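Residue-level structure breakdown
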Amino acid sequence: MAIHFRNIQKRILNSCPLFLKCLVIALLPGFVFLTLLTTTRNLCLPGGPIFSLLILLFGCLLVGYLLERVGLPSVIGMLLLGVGLSNIPGIKDATVLKPESISQDIKNVCLIVILMRGGLSLDIMDIKKCSSGVVRLIFMPCFVEAAVYAVLSVYLLKLGWLDGFMLGFVVAAVTPAIIVPALMRLKDDGYYISERNIDTMLISASSFDDVVAISSFMVFLSSFLTTNTSLVYQILKGPLEILLGIALGILSGLFLSILTPPALALETRINIDKYLQHARTCFMFMLAIIAVFGLNYFGFSGSGPLAVIVMSLVIRKGCLEEEYISGILDKVWMYAAEPLLFGLVGRDIQLSIITTELLWKSMVIIFIGLLFRVVTAFLAASWTGLSIRERLFVGVSWIPKATVQAAIGSFALSTVREMGITEEKVVRSCEIIVTVAVLVILVSAPLGSLLMRFGAHYLLRKSCVEYDTVREDGQELQETPDNGDKV
């Protein structure tokens, strides 16, 4: 009987594996819903917070998968789904998320996942390999674009200077979530990526670029929220938060390195490797949550994210098995944090406040900022041994934005609401920051992805041969494409 049943299983699996996969994917949300409904009851019914989160999570996963199948970034669909859930009558009432603090807490946890992944992926040695080109690519485009956004937002959107620089650093960060897969696809297609160190330069710089943008944003946010205090305190709070974040990150990283030493450094490895890996991951995530939420409670909102980054760097330096932690974080990001983050950010957009004037002014600011970013990245890639075409590809690759904008775009608005600030000008400035952050994702993510994909054909050369020519004697000759305009 058992053998007969196994044969039936094998036949079904071999004959229709795609059907089984689709069936499992279709049944999973239903079983999750029924499980939570039987345990939480009213919380999982329409209008309850669990029901809203389930609709958001599985809806974003589905829409993101469909968009990826047609070659577009999945984050676009996740954002638009969130916008629809919060603006379509009927659906809006059924998927309301109360209290509002739940949304911000989830986004803070998603930000922690981003910072931990970024910190574990940073390698100081990568900068030394690519000389000063990576350093210029980290700082020059970020600060130039942030300054351009700040100036334009002050004069076009009527923001204050602190608000303008907050907006500038929100939208100035690029997203490795789009850049890295695009580079990997180009590498698989045979383009000169690794041989010219283009992938190392872009991947390393994109991770550090996010760190610089987030840290700078947090410093300006702290100054923005302390306008009623003395000028001396406003000046000193920024450096104080930076020092506090660095110190707490170093101490947390050293604590974890001592408490859970790498398994390879132990004299015995009997059934202890997995234990240490699980323990290190759990302690790291809990310390990161304590740092972000705890320091934010005491008014040092900029110190928490910086502490998480520094802690991850220290753990990477002293941990021989950081790939295990990174693997877990990648899965958490792919199947939970990313869809929830972009869906919740889309929910923060209220179409009723987006006027025609705000829309066209925001689009003007976005395209001017992107133009300055591409030019600055092109100049930053100079003196790196790259040709003019390859440097132009570097500039184009610096266009996509998504992750950081989703993570901190609504951070100021949520913080203002939590602090009970009701001043119309302050709330309006934070709402404009959220709106521009979402618009820049909708514009730059598909634009940058498409320009990288189709621009590579004209700006990069193949590292492998696409076609052969045959001599008269029958021997094959390989043609190598032109090397480009070398400078």
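Residues numbered from 1 in each chain as written. Predicted model: local features only at pLDDT ≥ 70, side-chain atom pairs only at ≥ 80, totals over all residues. Heavy atoms only, no water.

Overview of the packing of aromatic side chains
If you walk through the whole model with that rule in mind, you get six aromatic pairs. Ring geometry for Phe139 against Phe143: centres 6.1 Å apart, planes inclined by 5°, an arrangement best described as stacked. Residue Phe139 and its partner Phe143 are located together in helix H8 (residues 131–156), separated by four residues, close to a single helical turn. Assessed through its relative accessible area of 37%, Phe139 is described here as partly exposed. Ring centres 6.5 Å apart and planes at 85° place the aromatic pair Tyr155 and Trp161 in the edge-to-face group. (Phe/Tyr/Trp six-rings, centres within 6.5 Å; stacked < 30°, edge-to-face > 60°. Helix = DSSP H or I, 4+ residues; strand = E, 2+ residues; numbered from the N terminus. Buried < 20%, exposed > 50% of the residue type's maximum accessible area, 1.4 Å probe, protein only.)

A closer look at a nonpolar patch on the surface
A surface patch of nonpolar side chains, amounting to about 400 Å² of accessible area, comprises Val144, Trp360, Val364, Ile368 and Phe372. In terms of residues, the nonpolar patch owes the most to one element, helix H16 (residues 356–380), which gives four residues. Structurally, Trp360 is set in helix H16. (Patch = residues over 30% accessible without salt bridge, like charges linked within 9 Å, V, L, I, M, F, W, Y side chains within 5 Å. Areas by Shrake-Rupley, 256 points an atom, 1.4 Å probe, with all protein chains shown as cover. Salt bridge = Lys/Arg side-chain N within 4 Å of Asp/Glu carboxyl O.)

Considering the packing of H16 against helix H20 (residues 424–459)
As a packed pair, H16 and H20 sit with axes 10 Å apart at the nearest point and diverge in direction by 55°. As the angle between them shows, H16 and H20 are arranged oblique. Here the hand of the crossing between H16 and H20 comes out right-handed. The segment H16 lies against H20, with Leu358, Leu359, Ser362, Met363, Ile366, Phe367 and Leu370 engaging Arg428, Ile432, Thr435, Val436, Leu439, Val440, Val443, Ser444 and Leu447. (Axes fitted to C-alpha atoms, helices over the stretch in contact; angles between N-to-C directions. Parallel < 35°, antiparallel > 145°, perpendicular 65-115°, else oblique. Left-handed = near helix turned anticlockwise from the far one by under 90°. Contact = heavy atoms within 4.5 Å.)

What to know about the nonpolar core
In this structure, Leu137, Phe217, Leu221, Phe342, Phe393, Ile408 and Ile441 are the most contacted members of the largest nonpolar core, which totals 115 residues. With 16 residues, H20 is the largest single contributor of residues to this core. (Core = buried A, V, L, I, M, F, W, Y, C linked by side-chain atoms within 4.5 Å.)

Structural notes on the pattern of salt bridges
The full count for this structure, using the stated rule, is five salt bridges. A salt bridge links Lys361 to Glu357; the shortest N-O distance between them is 2.7 Å. Here Glu357 and Lys361 lie together in helix H16, a separation of four residues that amounts to about one turn. In this structure Glu357 comes out as partly exposed when scored by relative accessible area, which is 44%. Here the salt bridges do not stand alone but share partners, grouping Glu145, Asp209, Arg373 and Lys401 into one network.

Points about the confidence of the model for the protein chain
Residue-level pLDDT values for the protein chain average 78, and 80% of them are 70 or greater. Across the protein chain, the secondary-structure element scoring lowest on mean pLDDT is strand S1 (residues 468–470), at 38, and the one scoring highest is H16, at 92. Confidence drops under a pLDDT of 50 for residues 263–271, and excluding neighbours within four residues, the segment shows twelve contacts in the predicted structure. Counting interchain partners and residues more than four positions distant, the pLDDT-below-50 stretch residues 464–487 has 29 contacts. (pLDDT = per-residue confidence, 0-100.)

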